[in-house]
Amino acid sequence: MSIFIPHEYHKSIHDIDLLKLYENGKRLILTDLDNTLVSYAEPIPTEEIRAFKKKCDEIGLTLVIISNNNEKRVKRFADELGVPYLAKALKPLKRGYRKLTLGYSNDEVAIIGDQVLTDIVGGKRMGFYTILVDVIDYKTESWKTRFNRFFERLIIKKYNIKGDKHGRT
Ligand SMILES: [Mg+2]
């Protein structure tokens, strides 16, 4: 239905049923970094995120980071975690997603992110399975992200995205 409505919403990435994603044919997970995996203030992966990556490996899901943040930030984090990445991805534009999903069909790809206007809209434009999670820490966000959040709040309210599951597509 709406390009703003994720297929799933969870409070945290740790609440996502990874096994179910695999059983539903997903093989590649494109995840956002900032405020999805860790807050902006966290330069390297936490133990929980390392465990999340390990679980993906065990299940057979390939984890890749796609971020609009700069090369230095994203490279350091992704290298520490041992996953491929794309920085300055310009989400929700399609170019970055296309680059990362070569060899996969759209229905094999799931995206995870904390922002409706970049992560969810970007994923839905590509025909991917989309998972929205709660922001880890609002306080460390840039003015640009805060600006987007203003519209995001209106959208989340209008579509009751974080409420009951009715109307989700
Ligand atoms: Mg984010």
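Along every chain, residues carry numbers that run from 1 in the direction the sequence is written. Totals for whole chains, interfaces and linings use all residues, but because this is a predicted model, local features are given only for residues with pLDDT of at least 70 and pairs of side-chain atoms are given and counted only at 80 or more. For the side-chain quantities, the full set of heavy atoms in the structure was used; hydrogens and water were omitted.

Further remarks concern the coordination of the magnesium ion. Donor atoms (N, O, S) are those found within 2.8 Å of the metal centre, with the cutoff raised to 3.2 Å for Na, K and Ca; water is not part of the atom list, so apparent gaps in a site can occur. Asp 32 (OD), Asp 34 (O) and Asp 114 (OD) make up the full set of protein donors to the magnesium ion, lying at 2.1 to 2.2 Å. Binding-site remark: the magnesium ion is held by donors from one chain whose sequence spacing is D-x1-D-x79-D. Highlighted residues: Asp 34 in the loop between strand S2 (28-31) and helix H2 (47-59) and Asp 114 in the loop between strand S5 (109-113) and helix H5 (116-126), separated in sequence by 80 residues. Each member of the pair, Asp 34 as well as Asp 114, carries the same accessibility label: buried. Here a strand is any run of E in DSSP of at least two residues, a helix any run of H or I of at least four, and the numbering for each starts at the N terminus. Here's how the labels work: a residue is buried when its accessible area is under 20% of the maximum for its type, exposed when over 50%, partly exposed in between, all with a 1.4 Å probe on protein chains only.

Time to look at the side chain of Thr 36. Positionally, Thr 36 belongs in the loop between S2 and H2. A polar contact of 2.7 Å, which involves the side chain of Thr 36, links it to the side chain of Asp 32. Ignoring sequence-local partners within four residues, the contact set of Thr 36 consists of Ile 13, Thr 31, Ile 112, Gly 113, Asp 114, Val 133 and Ile 136. Under this definition, polar contacts are N or O atom pairs within 3.5 Å; protein pairs additionally need one hydrogen-donor-capable and one acceptor-capable atom, and for neighbouring residues in sequence, both atoms have to be side-chain atoms. Contacts are assigned to residue pairs with any non-hydrogen atoms lying within 4.5 Å of each other.

With that settled, the discussion passes to the environment of Thr 118. Structurally, the position occupied by Thr 118 is in helix H5. Here the alpha-carbon distance between Thr 118 and Leu 90, two residues 28 residues apart in the chain, equals 8.5 Å. Excluding its chain neighbours within four sequence positions, the residues that come into contact with Thr 118 are Asn 68, Lys 91, Pro 92, Tyr 97 and Asn 148.

Here the rule is simple: two strands pair whenever DSSP picks up at least two bridges between them. The six strands are arranged S1-S6-S5-S2-S3-S4 in an open sheet whose pairing can be described as parallel. Strand pairing shows two members of the sheet lacking a second neighbour, strand S1 (8-10) and strand S4 (85-86), which therefore form its edges. In terms of strand pairing, strand S3 (residues 62-66) meets S4 through two bridges, oriented parallel. Across the sheet, Ile 66 pairs through a bridge with Leu 86, a residue of S4.

Turning next to the packing of aromatic side chains. What counts as a ring pair is set by centres within 6.5 Å for rings of Phe, Tyr and Trp (its six-membered ring), and what kind of pair is set by the plane angle: stacked under 30 degrees, edge-to-face over 60, tilted for all other angles. The tally for this structure, following the rule as stated, stands at four aromatic pairs. For the ring pair Tyr 97 and Phe 128, a centre distance of 5.9 Å and an interplane angle of 70 degrees mean the geometry is edge-to-face. In this pair, Tyr 97 is assigned in helix H4 (residues 94-100) and Phe 128 in the loop between H5 and strand S6 (129-133), connecting sequence segments 31 residues apart. With centroids separated by 5.2 Å and ring planes inclined at 85 degrees, the aromatic side chains of Phe 150 and Phe 151 adopt a geometry described as edge-to-face. For Phe 150, a relative accessible area of 46% translates into the label partly exposed. You can call Phe 151 partly exposed: its relative accessible area is 36%. Among the aromatic residues, those joined into a cluster by ring pairs are Phe 147, Phe 150 and Phe 151. Here, a charge over a ring means that NZ of Lys or CZ of Arg falls within 6 Å of the ring centre while also lying within 35 degrees of the ring normal. Taking NZ or CZ as reference, Arg 27 lies 3.6 Å from the ring centre of Tyr 22, over its face.

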